[in-house]
Amino acid sequence: MKTIRFLLIGVLALGILNASSCLGGGDDNNGNDGEEPNFIESASGGSPLETVLANGFRFHSYVKNIGGSGKIGMTITNSKGSAAKEFNVTANTSYVFSCDVPAEAKSSAGFTYIAKFPGKAGYTDARTKPGYDCTGAPTNMQFQER
């Protein structure tokens, strides 16, 4: 009877060891294991967060993909419309995302620019612009490697 108990405990222990050795597989932080893109904030390095245009603003978001390579979709929406675009991204790479938002000065108005980046971390860049009103849908979305 003791032999059967030892055999069962041994089989159970081997099963637990085998299962635990597989739990962490697939995440080597190099994006080489089918991992989804995953964005975090990246320092701007003194680069502008926004540029004033003749008809509004160009917002810049600095991010790093700490996940895998793949395609991501970005959508920027305001009260006047939205813009959507798909981008190819590479693992472990820094990017600057930019988008133009048409706006005009209006003391009684204000708007918030929000760009949400995909992934487990899912960084969101949000900035409020008091004293301005959106006059059109966002345009000119770009995602450039830094």
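From a predicted model like this one, the values you see are computed outputs, not experimental measurements. (Residues numbered from 1 in each chain as written. Predicted model: local features only at pLDDT ≥ 70, side-chain atom pairs only at ≥ 80, totals over all residues. Heavy atoms only, no water.)

(A) Geometry of the overall build of the chain. Looking only at helices and strands, one finds 1 helix and 8 strands in the chain. For the chain, the succession of helices and strands along the chain, N to C, is α-β-β-β-β-β-β-β-β. Long-range contacts, defined here as pairs at least 24 residues apart, represent 68% of the contacts in the chain between residues at least 6 apart. (Helix = DSSP H or I, 4+ residues; strand = E, 2+ residues; numbered from the N terminus. Contact = heavy atoms within 4.5 Å.)

(B) View of the side chain of Asn 65. Relative to the assigned elements, Asn 65 resides in strand β3 (residues 56-65). Residue classification places Asn 65 among the buried positions, given a relative accessible area of 0%. Within the local environment of Asn 65, its side chain forms a polar contact with the backbone nitrogen of Asn 38, the two atoms lying 2.9 Å apart. Discounting chain neighbours no more than four positions away, the residues touching Asn 65 are Pro 37, Asn 38, Phe 39, Val 89, Thr 90, Ala 91, Asn 92, Thr 93 and Tyr 95. (Buried < 20%, exposed > 50% of the residue type's maximum accessible area, 1.4 Å probe, protein only. Polar contact = N/O pair within 3.5 Å; in protein donor to acceptor, adjacent residues only side chain to side chain.)

(C) Focus on unusual backbone geometry. At Asn 92, a residue that is not glycine, the phi angle is positive and equals roughly 55°. Here Asn 92 is to be found in the loop between β5 (81-89) and β6 (93-116). Unlike most non-glycine residues, Asn 140 shows phi in positive territory, near 55°. When you line up the elements, Asn 140 lands in strand β8 (residues 139-145). Note on Asn 140: relative accessible area 33%, which makes it partly exposed.

(D) View of the nonpolar core. Phe 39, Met 74, Phe 97, Tyr 113, Phe 117, Met 141 and Phe 143 are the most contacted members of the largest nonpolar core, which totals 23 residues. Counting residues per element, the ones that place at least two in this core are β3, β4 (70-78), β5, β6 and β8. In terms of residue count, β6 provides more of this core than any other element does, 8 residues in total. If near-sequence neighbours (up to four positions away) are discounted, Phe 39 is found in contact with Val 63, Lys 64, Asn 65, Ile 72, Val 89, Tyr 95, Phe 117, Pro 118, Ala 121, Gly 122, Tyr 123 and Phe 143. (Core = buried A, V, L, I, M, F, W, Y, C linked by side-chain atoms within 4.5 Å.)

(E) Quick peek at the pattern of salt bridges. In this structure the tally under the stated criterion is 4 salt bridges. One salt bridge in this structure joins Lys 71 and Glu 86, with 3.8 Å as the shortest N-O distance. Of this pair, Lys 71 sits in strand β4 while Glu 86 is found in strand β5, placing the two residues 15 residues apart along the sequence. Across this residue pair, the class does not change: Lys 71 and Glu 86 are exposed. (Salt bridge = Lys/Arg side-chain N within 4 Å of Asp/Glu carboxyl O.)

(F) Broad picture of the environment of Glu 35. Its place among the elements puts Glu 35 in the loop between α1 (2-22) and β1 (39-41). Judged by its relative accessible area of 11%, Glu 35 is buried. Residues Glu 35 and Gly 67 lie 32 residues apart in sequence; the distance between their C-alpha atoms is 5.9 Å.

(G) View of the pairing of β3. Along β3, 8 of the 10 residues are buried, which leaves the element largely enclosed by surrounding structure. Strand direction decides the pairing type here: β1 and β3, joined by 3 bridges, are antiparallel. If you follow Glu 41 over to β3, its bridge partner there is Val 63. Summarising the sheet, strand β2 (residues 50-53) and β3 pair through 4 bridges and their orientation is antiparallel. Directly across from Glu 50, in β3, lies its bridge partner Phe 59. The antiparallel hairpin formed by β2 and β3 contains 2 residues in its connecting segment. As defined by bridge partners, β3 adjoins β6 across 10 bridges and the pair is classed as antiparallel. The residue of β6 that forms the bridge with Lys 64 is Ser 94. (Pairing = 2+ DSSP bridges.)

Bear in mind that shape data such as this cannot, by itself, settle questions of function.
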